[in-house]
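# Breakdown of the fold
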Amino acid sequence: MASHDAIFVGAGINSLAAAALLSRAGWNVCVLEREQVAGGCIRTVEDLTAPGFTHELMAAWHPLFTGSATYAELAERHPRRTRRR
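The following refers to the structure shown.

Here is what the cut-offs are and how they apply
Residues numbered from 1 in each chain as written. Predicted model: local features only at pLDDT ≥ 70, side-chain atom pairs only at ≥ 80, totals over all residues. Heavy atoms only, no water. Helix = DSSP H or I, 4+ residues; strand = E, 2+ residues; numbered from the N terminus. Buried < 20%, exposed > 50% of the residue type's maximum accessible area, 1.4 Å probe, protein only. Contact = heavy atoms within 4.5 Å. Pairing = 2+ DSSP bridges. Right-handed = clockwise from strand over helix to strand, strands pointing away.

Turning to the side chain of Ser15, a few remarks are in order. As for its placement among the helices and strands, Ser15 is situated in helix α1 (residues 13-24). Since its relative accessible area comes to 17%, Ser15 is described here as buried. In contact with Ser15, other than residues within four places in its own chain, are Phe8 and Gly10.

Moving on: unusual backbone geometry. At Asp47, a residue that is not glycine, the phi angle is positive and equals roughly 60 degrees. Residue position: Asp47 is located in the loop between β3 (43-46) and β4 (54-57). Residue classification places Asp47 among the partly exposed positions, given a relative accessible area of 46%.

Covered by surrounding structure in strand β1 (residues 6-9) are Ala6 and Phe8 only, the residues Ile7 and Val9 on the alternate face being uncovered. Here β1 runs beside strand β2 (residues 29-32); their pairing, made up of four bridges, is parallel. Residue pairing in the sheet places Ala6 in a bridge with Val29 of β2. In the classification by handedness, the crossover that spans β1, the intervening α1 and the parallel β2 is right-handed.

Next up, the structure:
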């Protein structure tokens, strides 16, 4: 049986951020999610309103996270990559 220092039930943005910070500090972390994808309410969905359209659910919340101290700390370690065309 695996041993973990912390277990998160649900892979929403807060759980993922906390798990990332604890993992970075050396903790053995487990994140459990019942859905097919992580992210909780913030996610991209296809065909919500009409075929061929994608929607960013809860996208208005995203700027609050990207302006937070947690995002800044995590971004230092994993800087955003730019795509070359």
